[in-house]
Amino acid sequence: MKCSICNKNAVFLNPSYCNVHFNRYFEKKVLHTISNFNLLARNEKIAVAVSGGKDSLSLLFLLRKSGYNVTALSIDEGIADYRDKTLKHMVGMCNNYGIPYKIVYFKDIFGRALDDILSSEKVRPCSVCGIFRRYLINRAAKDFDVLATAHNLDDEAQAVVMNLIKGNIGLLQRQGPVSGLNYSGTFVKRVKPFFLTSEKEIMAYSVINKLNAAFGECPYVGVSFRLKVRDLLNDTEMKKPGTKKRLIEWFLYYKKNLCPAEEINISCCQLCQAPSQHEICSACQYILKIGN
Ligand code: SF4
């Protein structure tokens, strides 16, 4: 297969492009998403949430290349033989490109690494990890104007289906290229420049640009509802190409025309003063449970 523009060998199919034209196509698409949804401004201090995987390294690389003022922000939960390896990739890339980075450790804030917590407490790994990670990211992002995450079209299609199946209309309303409760003024604005970009495209971009992303899976990952939805969507996509894109287009139409998000009153956690919909935020509830 040849590149549809220059006739060199294609490295990506549908659309078929060589290295150079795929890079141009990909970067133009992401920059268009940024301007179309008004995600980022050149004068803003941007924290990019980076795990060391292909998605987050690609986002960091692209934003930096496009002249945005980025800092990599990572959370080290303390998962031996996993997070230490993925963060090595992040540190390597930041050193190569002169990108500032900040790593926040579970151990420093909660007194224990995730491995330690899970060895002595009966808690579900991804529940406690997810809540603590979100808490730390929100806390660290306060030093910035905006937090960019590398959620892609596949992630977002999965989230739409999950929220529909579970009847989480409130969460569905708050999904989008600008996500979360940013309109309440309590959290730093969160944006997703890869909202319209597929996982396959990001994989190709990371390989073409030799981003040396970390592979491997967290040892605590289980068979979650999200994985089942992911498999269902991948299967449907194979049979009916364009399914995920159509789902996201429907979602954006629904959000804009049918169901605008409601303002939600956010108060503060009585223990840590972090923004919370409850008297005690989820992170503090876990801290009380695990006895720190
Ligand atoms: Fe944390 Fe679960 Fe992700 Fe592992 S798979 S990093 S435990 S949320």
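Preceding this section is the structure that the text describes.
Further remarks concern helix α3 (residues 83-97). Between its first and last C-alpha atoms α3 spans 21 Å; for 15 residues at 1.5 Å apiece the expected length is 21 Å, and the two agree. G98 sits one or two positions beyond α3 and adopts a positive phi of about 65°.

The next subject is the packing of aromatic side chains. Across all of its chains, the model carries 14 aromatic pairs by this definition. With centroids separated by 5.3 Å and ring planes inclined at 40°, the aromatic side chains of Y17 and Y25 adopt a geometry described as tilted. The exposure class assigned to Y17 is buried, which follows from its relative accessible area of 14%. It is R42 that lies over the ring of Y68; its NZ or CZ is 4.1 Å from the centre. Between the NZ or CZ atom of K45 and the centre of the ring of F144, over which it lies, the distance is 5.3 Å.

Core analysis: the biggest nonpolar cluster contains 38 residues, and L40, V48, L60 and L63 have the highest contact counts within it. Elements with a minimum of two residues in this core: α1 (19-36), β1 (45-49), α2 (54-65), β2 (69-76), α3, β4 (146-148) and α9 (199-208). Ranked by the residues each element gives to this core, the list is headed by α2, at six residues. Discounting chain neighbours no more than four positions away, the residues touching L40 are I34, I46, L63, Y68, V146, V191 and P193. Within the second largest apolar cluster, 34 residues are counted, among which are I79, L114, L136 and I290.

Each neighbour pair has its own omega, and for N14 with P15 the value is 0°, a cis peptide bond. Among the structural elements, P15 can be located in the segment before α1. For N14, which is not glycine, the phi torsion reads 55° and is therefore positive. Mapping N14 onto the fold places it in the segment before α1. Notably, Q273 is not glycine yet its phi reads approximately 65°, a positive angle.

The strand order across the open sheet built from six strands is β3-β2-β1-β4-β6-β5, with neighbouring strands paired in mixed fashion. Looking along the sheet, the strands with just one partner apiece sit at the ends: β3 (101-105) and β5 (178-179). Across the sheet, helix α6 (residues 125-141) is in contact with β1, β2, β3, β4 and β6 (189-191); its angle to β2 comes to roughly 150°.

Further remarks concern the packing of α1 against α2. Relative to each other, α1 and α2 sit at 80°, their axes nearing to 11 Å. Classified by the angle their axes make, α1 and α2 are roughly perpendicular. Facing α1, whose interface residues are F26, E27, V30, L31 and I34, α2 presents L62, L63 and K65. Residues of the contact of α1 with α2, tallied by class, amount to six nonpolar, no polar and two charged.

The next thing to look at is the pairing of β3. As defined by bridge partners, β2 adjoins β3 across five bridges and the pair is classed as parallel. Residue pairing across strands places D76 opposite Y105, the latter belonging to β3. Between the parallel elements β2 and β3, the chain passes through α3 in a crossover that is right-handed.

Among the secondary structure elements, V50 is positioned in the loop between β1 and α2. Residue V50 is classed as buried on the basis of its relative accessible area, which comes to 5%. With near-sequence residues (within four places) excluded, V50 lies in contact with S56, L57, L60, A72, L73, S74, L87 and M90.

We now examine helix α12 (residues 282-290). The complete set of buried residues in α12 reads A283, C284, Y286, I287 and I290. In an axial view of α12, the angular spread of the buried residues amounts to 160°, which keeps them on one side of the axis. Summarising the geometry of α12, the exposed residues directed more than 90 degrees from the buried face are L288 and K289. Buried residues along α12 sit in contact with α4 (106-110), α5 (114-120) and α6.

Rules of the game
- What you see as residue numbers is a count from 1 along each chain, following the sequence as written.
- The predicted origin of the model limits local features to residues at a pLDDT of at least 70 and limits the giving and counting of side-chain atom pairs to 80 or more, whereas totals for whole chains, interfaces and linings rest on all residues.
- Computation of side-chain values covers all heavy atoms of the structure but excludes hydrogens and water.
- Helix and strand assignments follow DSSP, with helices taken as H or I runs no shorter than four residues and strands as E runs no shorter than two, numbered in order from the N terminus.
- A helix's residues, less one, multiplied by 1.5 Å, set its expected span.
- Note on ring pairs: Phe, Tyr and Trp rings are taken, using the six-membered ring of Trp, and paired if centres are within 6.5 Å. Classes follow the plane angle, with under 30 degrees stacked, over 60 edge-to-face and the rest tilted.
- Each residue gets one of three labels from its accessible area relative to the maximum for its type: buried under 20%, exposed over 50%, partly exposed in between, using a 1.4 Å probe on protein chains only.
- Note on criteria: charge over ring means Lys NZ or Arg CZ within 6 Å of the ring centre, with the direction from the centre no more than 35 degrees off the ring normal.
- In this description, a nonpolar core means a group of buried Ala, Val, Leu, Ile, Met, Phe, Trp, Tyr and Cys residues linked to one another through side-chain atoms lying within 4.5 Å.
- Note on contacts: a residue pair is in contact if any heavy atoms of the two residues lie within 4.5 Å.
- Paired strands, in this sense, are two strands between which DSSP finds at least two bridges.
- All axes here are fitted lines through C-alpha atoms, helices being fitted over the stretch that makes contact, and every angle between N-to-C directions spans 0 to 180 degrees.
- Working definition: roughly parallel below 35 degrees, roughly antiparallel above 145 degrees, roughly perpendicular at 65 to 115 degrees, and oblique for all remaining angles.
- Each residue is assigned to one of three groups, with Ala, Val, Leu, Ile, Met, Phe, Trp, Tyr, Cys and Pro labelled nonpolar, Asp, Glu, Lys and Arg labelled charged, and all others, Gly among them, labelled polar.
- The path from the first strand over the helix to the second decides the hand: if it runs clockwise while the strands point away from the viewer, the crossover is right-handed.
- The directions from the helix axis to the C-beta atoms form the arc being described.

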